[in-house]
Amino acid sequence: MSEQAGRYNYERLGEKPFQQLCNALLAHCFPDMRCYPVGHSDGGRDGVLPRDGKPATIFQVKWTSKPLKDPVAWLTRTIKEERASIERLVSGGARQYYVLTSLEGTAVPRRGTMDRLDEQLSAYSQEFGVEMKVWWRADIDARVDSAPDALKWAFSEMLAGHDLVRYLIEGAQAASYDHRLRTLVMKVLATQWEEDAKVKFKQAELTSHDLAALFVDVEAVRAAQALSTRALRSPDLQAKSVGGAARYLLAARQPFTLVRGEPGQGKSTLGQYLCQVHRAAFLKKQAGLEGLPVGTAPRVPLRVDLKDYAAWLDGGDPLEESLPSAGRRTPRRKASLEEFLAYLLRARSGGLEADVTTVNDITQRLPLLVVLDGLDEVAHAGTRALVVKHIDDFTARLQHSVVVPQIVVTTRPNAAALAEPSPEKYETIALSHLKPDLRIAYLRKWAAARSVAGRDRRELERTFHQRSAEPHIDQLADNPLQLTILLYLLHKRGNSVPANRTELYSSYMETFLDREAEKSPQVEEHRKDLEEVTAFLGWLLQAEAEKSSGNGRIGFRELKRSILTYLFDARKNTDLVPSLFTAVTDRVWALTSKIQGTFEFDVQPLREYFAARYLYEYAGADQRRFDTSQVLRHLVRRPYWTNAARFYAGFARANELAGLVEALEDEKDSRLQPLQVLTATWALLADGVFSSRPRSQQRAAELFLDDLSVVLLSIQMRDHHNLPTLAPDRGGRELAAALLSAVDEDPESVMAHDRVRVASRLLKDSPEFTAWWLTRLRAAADRPGEAVWLALAATAQAGNHLTPGAVPSLALEGISCAADAVTAGLAPAQGSAAEQRMVAAVLAGHCSDSSPLGTSPAADLLRVLAPQHFLHKAAPSDKSYLFHRAGTHQDLTVSATQRRAAWQRLVRWDSRLGSVREAAKGGLGQRRTTALWGNTAQAVGAVFGPCWLAAEAAVIGAAAPWTSSSPAATRSRGPGPWVRTPTTVCSFRRSDVTASTAPGGSSSTRTTLTRCHGRPGYWP
Ligand SMILES: Nc1ncnc2c1ncn2[C@@H]1O[C@H](COP(=O)(O)OP(=O)(O)OP(=O)(O)O)[C@@H](O)[C@H]1O
Ligand SMILES: [Mg+2]
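1. Digging into the nonpolar core
Inference 1: One finds L306, F690, W773 and L826 to be the most contacted residues of the largest nonpolar core, which totals 279 residues.
Inference 2: Setting aside residues no more than four positions away along its own chain, L826 makes contact with W773, L790, G799, L802, V807, L810, A821, M838 and S856.
Inference 3: Core analysis: the next-biggest nonpolar cluster, separate from the first, contains 21 residues, W74, L117, Y124 and F128 among them.

2. Considerations on the confidence of the model for the chain
Inference 1: With 86% of its residues at a pLDDT of at least 70, the chain reaches an overall mean of 82.
Inference 2: Per-residue pLDDT stays below 50 along residues 878-887; that stretch engages in 41 contacts with residues further than four places along the chain or on separate chains.
Inference 3: Residue range residues 964-1020 is modelled with pLDDT below 50. Its contacts to residues more than four positions away, or to other chains, number 97 contacts.

3. Describing the pattern of salt bridges
Should the charged atoms of two oppositely charged side chains come close, the side chains can pair.
Inference 1: Considering all chains together, one arrives at 55 salt bridges under this definition.
Inference 2: One salt bridge connects R260 with E420, and the closest N-O pair in it is separated by 2.7 Å. Taken together, the residues span a long stretch of sequence, with R260 in strand β8 (residues 256-260) and E420 in the loop between β11 (406-411) and β12 (427-431) at a distance of 160 residues.
Inference 3: Residue R260 is classed as buried on the basis of its relative accessible area, which comes to 14%.
Inference 4: Here K572 and D529 are joined by a salt bridge, their closest N and O atoms 3.2 Å apart. On the criterion of sequence distance, the pair formed by K572 in the loop between α24 (556-569) and α25 (576-580) and D529 in helix α23 (residues 521-547) is long-range, its members being 43 residues apart.
Inference 5: A relative accessible area of 29% means that K572 is categorised as partly exposed.
Inference 6: By relative accessible area, which is 16% here, D529 ends up buried.
Inference 7: Several salt bridges converge on common partners, so that one network encompasses D196, K200, R279, R303, D305 and D373.

4. Things to note about helix α28 (residues 642-651)
Inference 1: Taken across its 10 residues, α28 has 10 buried, putting it largely inside the fold.
Inference 2: Here α28 has its buried residues at T642, N643, A644, A645, R646, F647, Y648, A649, G650 and F651.
Inference 3: On its buried side, α28 packs onto α22 (501-519), α26 (604-618), α27 (628-637), α29 (657-669) and α30 (674-687).

5. Some remarks on the sheet that holds β11
Inference 1: Reading across from one edge, β7-β6-β12-β8-β11-β10-β9 is the order of the 7 strands in this open sheet, with mixed pairing throughout. Since the sheet does not close on itself, it has two edges, and those belong to β7 (241-244) and β9 (300-305), each with one partner. When the angles between neighbouring strand axes are averaged without regard to direction, this sheet yields 25°.
Inference 2: Direction of pairing for β8 relative to β11: parallel, over a ladder of 5 bridges.

6. Looking at the sheet that holds strand β4 (residues 96-101)
Inference 1: The strand order across the open sheet formed by 5 strands is β1-β2-β3-β4-β5, and the pairing between neighbours is mixed. With one partner strand each, in any of the chains shown, β1 (34-35) and β5 (131-135) form the two edges of the open sheet.
Inference 2: Sheet topology note: the strand β3 (residues 54-62)/β4 ladder contains 6 bridges and is parallel. Across the sheet, I58 pairs through a bridge with Y97, a residue of β4.
Inference 3: The strands touched by helix α3 (residues 71-81) are β3, β4 and β5; relative to β4, the strand with the most contacts, the crossing angle is about 135°.
Inference 4: Along the sheet, helix α6 (residues 137-146) contacts β4 and β5; its crossing angle with β5, the most-contacted strand, is approximately 70°.

7. Here we look at the site of ligand 1
Inference 1: Around ligand 1, 21 residues are found, and the nearest of them are V216, K267, S268, T269 and R412.
Inference 2: Within the backbone of G266, an N or O atom sits 2.9 Å from an oxygen atom of ligand 1.
Inference 3: Interatomic distance of 2.7 Å between a side-chain N/O atom of S268 and an oxygen atom of ligand 1.
Inference 4: Within the complex, 97% of the 630 Å² of free accessible area of ligand 1 lies under protein.
Inference 5: The greatest single-element share of the shell around ligand 1, amounting to 3 residues, is contributed by helix α13 (residues 267-283).
Inference 6: When grouped by side-chain class, the residues that make up the shell around ligand 1 number 10 nonpolar, 6 polar and 5 charged.

8. So, empty space enclosed by the protein
Rolling a probe over the atoms, with the probe sized like a water molecule, indicates the empty space that remains.
Inference 1: Counted under the stated rule, the structure contains 2 cavities of 30 Å³ or more.
Inference 2: Taken as a whole, the largest cavity holds about 190 Å³ of empty space.
Inference 3: Forming the boundary of the largest cavity are 19 residues, of which Q475, Q482, R501, R646 and D687 lie nearest the centre.
Inference 4: Of all elements in the fold, only α20 (471-476) and α30 reach the threshold of two or more residues within the lining of the largest cavity.
Inference 5: Grouping the amino acids of the lining of the largest cavity by side-chain chemistry returns 5 nonpolar, 8 polar and 6 charged.

9. Observations regarding the packing of aromatic side chains
Inference 1: Taken as a whole and judged by the stated rule, the model has 35 aromatic pairs.
Inference 2: Between F536 and Y566, the ring centres sit 4.3 Å apart and the planes meet at 20°, which makes this aromatic pair stacked. Pair noted here: F536 is in helix α23 and Y566 is in helix α24, with a separation of 30 residues, a long-range link. Per residue, the accessibility class of F536 equals that of Y566, and both read buried.
Inference 3: When the ring of Y609 is compared with that of F647, the centres are 5.7 Å apart and the planes differ by 90°; the resulting orientation is edge-to-face. Taken together, the positions of Y609 in helix α26 and F647 in helix α28 put the pair 38 residues apart, joining distant regions of the chain.

10. Focus: the environment of V743
Inference 1: Mapped onto the elements, V743 comes out in helix α33 (residues 732-745).
Inference 2: Residue classification places V743 among the buried residues on the basis of a relative accessible area of 0%.
Inference 3: For the pair V743 and R755, spaced 12 residues apart in sequence, the C-alpha to C-alpha distance is 7.0 Å.
Inference 4: Aside from chain neighbours lying at most four places away, what touches V743 is A752, R755, V756, W772, W789 and L792.

11. Some points on the pairing of β3
Inference 1: Counting buried positions over the 9 residues of β3 gives 7, a clear majority of the element.
Inference 2: In this structure, the hairpin formed by strand β2 (residues 47-51) and β3 is closed by a connection of 2 residues, where D52 is found at a positive phi of approximately 50°.

12. Things to note about the pairing of β12
Inference 1: In terms of burial, β12 is a largely internal element, 5 of the 5 residues being buried.
Inference 2: Residues E427, I429 and L431 line one face of β12 and the alternating positions T428 and A430 line the opposite face, and both faces are buried.
Inference 3: Where β8 lies against β12, 4 bridges are found, and the strand directions are parallel. Opposite R260, over in β12, you have A430 as the bridge partner.

Thresholds applied
- Residues numbered from 1 in each chain as written.
- Chains lettered and ligands numbered in written order.
- Predicted model: local features only at pLDDT ≥ 70, side-chain atom pairs only at ≥ 80, totals over all residues.
- Heavy atoms only, no water.
- Core = buried A, V, L, I, M, F, W, Y, C linked by side-chain atoms within 4.5 Å.
- Buried < 20%, exposed > 50% of the residue type's maximum accessible area, 1.4 Å probe, protein only.
- Contact = heavy atoms within 4.5 Å.
- pLDDT = per-residue confidence, 0-100.
- Salt bridge = Lys/Arg side-chain N within 4 Å of Asp/Glu carboxyl O.
- Helix = DSSP H or I, 4+ residues; strand = E, 2+ residues; numbered from the N terminus.
- Pairing = 2+ DSSP bridges.
- Axes fitted to C-alpha atoms, helices over the stretch in contact; angles between N-to-C directions.
- Near = heavy atom within 4 Å.
- Polar contact = N/O pair within 3.5 Å; in protein donor to acceptor, adjacent residues only side chain to side chain.
- Areas by Shrake-Rupley, 256 points an atom, 1.4 Å probe, with all protein chains shown as cover.
- Nonpolar A, V, L, I, M, F, W, Y, C, P; charged D, E, K, R; others polar.
- 1 Å grid on protein atoms, 1.4 Å probe; cavity = no way out; pocket = protein on both sides within 12 Å on 5 of 7 lines; lining within 4 Å.
- Points joined across faces, edges and corners; volume = space filled by probe spheres on them.
- Phe/Tyr/Trp six-rings, centres within 6.5 Å; stacked < 30°, edge-to-face > 60°.

Following this line, the structure appears as structure tokens:
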């Protein structure tokens, strides 16, 4: 990185090339320019611009590699040293003398180096009788900016950032080192383009596997903001939904992102797609990919499979064409991610030279996108911690790059507290389940790739709709990999599609094998053995990966040897092996060859399916004391095997289910990994593993009733986004009923809120929860127990769908009761005392931390007057971070349409609110004044009397930094809100505001408004 600021890194050029650059610029600016050869004795002139046959203007270049403490002294000294030459040139007719320097000048009037040197130069001008001037670095930058590209390309070493990207794309004629860099980068891009051009899960009959043809942009939600940005208040950083994950990451608002998603949810495919879109810009391809968002410059993408990095750290050579034999394995490495990237560059460029210096050069000069895929595939916890440490170190080093790079790490949900990249720097987004419209979009793309058109496609769509109406099929179809399998089966077998996850994979493999068997008599003949051997290989590769940072690949020779050994040990016919390998093939049934000389399963869930099948059907077959009851316990305990555990349990027959539940109970009692065991057990229930035996299912559901499990579930449901939905008929109803009866027993227990939260989520699509709660509220309404049930309703947001007629007449004693009613989403009868009290709670600021639900006047007032709305309005643009976060006001996302509808209802409810609506709209001529806030506050006060919400709006307007710094702020018309809220403003001015400095140095104000509790009415 340049030691001096600026777009061009002249220090990298060195003295002579810098002089050549200056000559080229001068020649570009002045066509009559005479440039002297660099390195020759030039008599104190590097270039001369003649006029009337005389050397009228002299140019002298002064370069230095380091920033100097006192550039003025250095420059005056060098000019002094040129005294004899200058005097000679002046006597020869020179009238102007220019010094061109790579030094950065400072612009502070009088004290800055630019003004100080000018002073010195004017003294010299007098002394030498020649006008003396200097081109500082910024002057040269400006001339390089306007110079033709060819000139820049000729000095490409000084380029960085987007200029370098342009150079790499366009500067085909570049020379020397950068030419080598260009060749290296372009080769790697081209190789990875080919690798990523197809989806990884390949079905034999798909005519096109092109990623671009099949990709749909899976949506995501923001699970956690990077801690370092938490203090910054920006809608961009705080919004929950981020829309399509690819679109979001291509726009790259945040540099570092952790993408979380369930198996087959599309993490790797997303990484592939992001890289392809950026690569397309370099390789000048489009191939059906969506372009980069307008204004986004391409980044050099590097996609890394983290399992390869782990295997490499372990001494392996995962990217070589053929795996080295065990004897040649190098010792464990402790190498940085940069070293691995150098290794990747060498491997993917076909062996060009690349070392850490090359990588540093790339990372510091080029805008990069590094996709680090599959952190979960690093099975060994220690290796994973090491990998994460290297990622964090790499991230920290990259912050000094010219253009901050983008890093995307992907991983599966992590319930075992395994290492993950620093939450300080990385935000987390979680891939969502596929929504119905995206499923149909995918179906259509899939059908096109399979050349299913016209009536056939419509028939497929019809069957799909029909089957998706069943909740369990619907649940299976929410994941791209499962949806792909489902479509394959629907197309091949019509309606007969299983509703259970393991069976879905089994059916797929069966259909797939039927087809293979039709084609090949060997497969037909050895089908049973082939299935067994493949299951064994699934287990072997999965277990190897866990044991020793394997990467799930097996070399050709080792594959053959493993199959032979297995068949031999099992006393089976080994004839299968030669017939399987008669021709050089890139596919051995379910295994495929992606890197020449090695085999692997297409996608990890297939490997996990076979590993589970091996454990269920074959493992321990020859051992007398093999304890099958232990298998599930070991599987659920290990995070790396969670998905295999789901498949394994899915194989179980009805008479084995009670044993499985017992194993889960034992494992839970051992308290080894409570969250890990809990989420794994939850997944088994959600998959419907126990649904054929209600009693076993009930027992499994009861595993979640203890306090620790309830709290863990409640947190997972509130803050995380990857817990599968537990359908009512898969244990959800039993669990909810048990939780609610525990609440009935002791509604004031500290556990009651967590129990209610979990139960209400389990019953969210059925009226059961509302019915249960409403009965209790009715019984307690207007009595001492009312507050307890209202508080529980607020936790569950239970009143949202109730009509006013269904809401009992409530006392709402105390402001917190009224606030709970608002949070719960209740809409009491119009004109009732309860309605008034809820409005009072909102106006008194007691609901500003809740999301408005329902259409009561209280909820609507919250929608349109919540302080968050005024905070956003006070920000000059969407992206400015105006206020430090203080307190926990909800960041409401109320669309313009919702606001409009809320205002309409409010004005119908009380016509006086029309004036508040007008004030809140703002108007022409109010820009950069506090009028919007002040007038709104005043209008609210005029309707309701002084109230906290009005004061808060006024205070926010007054605290906006630009209103105090801009003279325009004083243009706020009228007496302002202070007339009605004098006490607040006085105390606000006296003590409640602490000036602080926002990032970037702008002055901002921290609002530390405290709310008073308990007093009814609008004013606290
Ligand atoms: N966005 C998508 N558009 C189209 N197809 C997709 C998409 N995401 C996934 N798929 C299909 O599902 C398959 C599996 O997806 P992928 O390997 O990306 O999942 P993953 O989240 O990385 O899973 P794992 O946790 O097992 O690594 C892909 O090979 C592809 O066929
Ligand atoms: Mg993956």
